[in-house]
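Survey of secondary and tertiary structure
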Amino acid sequence: MPDASGINDLLLALALGVVQGFTEFFPISSSAHLYAIPYLFSINDPLLASRAFGAVLHLGTLAAVLVALRSDVTRLLSCALAPILSLGRRRGDSADERLIIAILVGTIPAVIFGLFAGDFLDTTVRTPLVVAVAVLAGAALLWVADRTQSLQRPLTGIAAFDGVVIGLMQALALIPGISRSGATISAGLLLGFSRDAAARISFLMGIPAIAGAGVLELRSLLQEGGDIQQAAPLLLVGLLASFFSGLIAIRLLIRLLSGGKLWSFAIYRVGFALLLVAVALLRGEI
């Protein structure tokens, strides 16, 4: 029979997985929440507070977006493979080709920023005050984007320039608190895309970003030589929780966006930032 500490660890893994699933797609910053929860509740478990556990949660949300957008993903894969399988005799739909190019060029800034600023992102910016400021900056961006008159550009109207702009915002979101989904959806709205198109661009551009983060962080668990068998129950619980909560979050966000509810996330972010600052002040860390 598992002891109380083992059960508590499983419940915590479940909670962190649910938080990751919702915050990866809701524009409130998953990295800020995964930083804040151990900080606020003084969680010192080496596995649950590790980047490796975060990697497994990322893989769960990756699976969620692949399932939720499976028709888009399948179509884009077919478009990308068509010239290869036909030896150049056949091409995919031109709109899908433009979307693929936008996703590819949009991924480059995050890769470059992550490679050159990795240590900085892992240490210097992971403080309560910096995260709180980033959360507030993300709230302001959401507020502005929510009040922008959309030009109702469809997903088929995307171009490489749009991919670069959205990709730069995605790179900026590597700072905990900015929010990848919030930054990319806001960028899409500011570029004139419809709310549905902005959300889909964000989700699709997030696939390589989430996959890359998950794979890179998962390497640390293997390199550290941790006991995979012992950690397996916690990893599995976190993975499943992030997968199912991610599916729910994607569907809810698309519904909320259609009703113009981004301002509610901005208000939540302000409260979250104030909580971080208040706790840091009480602990004498500011």
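Cut-offs and rules
- Residues numbered from 1 in each chain as written.
- Predicted model: local features only at pLDDT ≥ 70, side-chain atom pairs only at ≥ 80, totals over all residues.
- Heavy atoms only, no water.
- Helix = DSSP H or I, 4+ residues; strand = E, 2+ residues; numbered from the N terminus.
- Buried < 20%, exposed > 50% of the residue type's maximum accessible area, 1.4 Å probe, protein only.
- Contact = heavy atoms within 4.5 Å.
- Axes fitted to C-alpha atoms, helices over the stretch in contact; angles between N-to-C directions.
- Parallel < 35°, antiparallel > 145°, perpendicular 65-115°, else oblique.
- Left-handed = near helix turned anticlockwise from the far one by under 90°.
- Nonpolar A, V, L, I, M, F, W, Y, C, P; charged D, E, K, R; others polar.
- Salt bridge = Lys/Arg side-chain N within 4 Å of Asp/Glu carboxyl O.
- Polar contact = N/O pair within 3.5 Å; in protein donor to acceptor, adjacent residues only side chain to side chain.

Here we look at the overall build of the protein
Each helix and strand counted, the protein has twelve helices and zero strands in total. The secondary structure elements of the protein, listed N-terminal to C-terminal, are α-α-α-α-α-α-α-α-α-α-α-α. Across the 286 residues in the protein, those meeting the buried criterion constitute 49%. Partitioning the contacts of the protein with sequence separation of at least 6, the portion at a separation of at least 24 is 83%.

Considerations on the environment of L240
Secondary-structure assignment places L240 in helix α11 (residues 228-258). Classification of L240 as partly exposed rests on a relative accessible area of 41%.

Examining the packing of helix α7 (residues 128-146) against helix α9 (residues 180-190)
Where α7 meets α9, the closest approach of the two axes is 9 Å, and the angle between their N-to-C directions is 30 degrees. By the angle between their axes, α7 is roughly parallel relative to α9. In this structure, the crossing between α7 and α9 has a hand that is left-handed. Taken together, the residues of α9 that come into contact with α7 (itself represented by L141, L142, V144 and A145) are G182, A183, S186, L189 and L190. Counted by class, the contact of α7 with α9 contains seven nonpolar, two polar and no charged residues.

Quick notes on the pattern of salt bridges
Using the criterion set out here, one finds nine salt bridges in the structure. Close ionic contact of D146 with R195 constitutes a salt bridge, the shortest N to O distance being 3.2 Å. Separated by 49 residues along the polypeptide, D146 in helix α7 and R195 in helix α10 (residues 195-223) bring together distant segments of the chain. Where D162 meets R153, a salt bridge forms, and the shortest distance between an N and an O atom there is 2.7 Å. A residue is classified by how much of its surface remains accessible, and D162, at 4% relative accessible area, is buried.

Quick word on the side chain of S181
On the secondary structure map, S181 appears in helix α9. Among the polar contacts listed, one links the side chain of S181 to the backbone oxygen of F25, at a separation of 3.1 Å. Each residue touching S181, except ones within four places of it in the same chain, is listed here: E24, F25, F26, P27 and S202.

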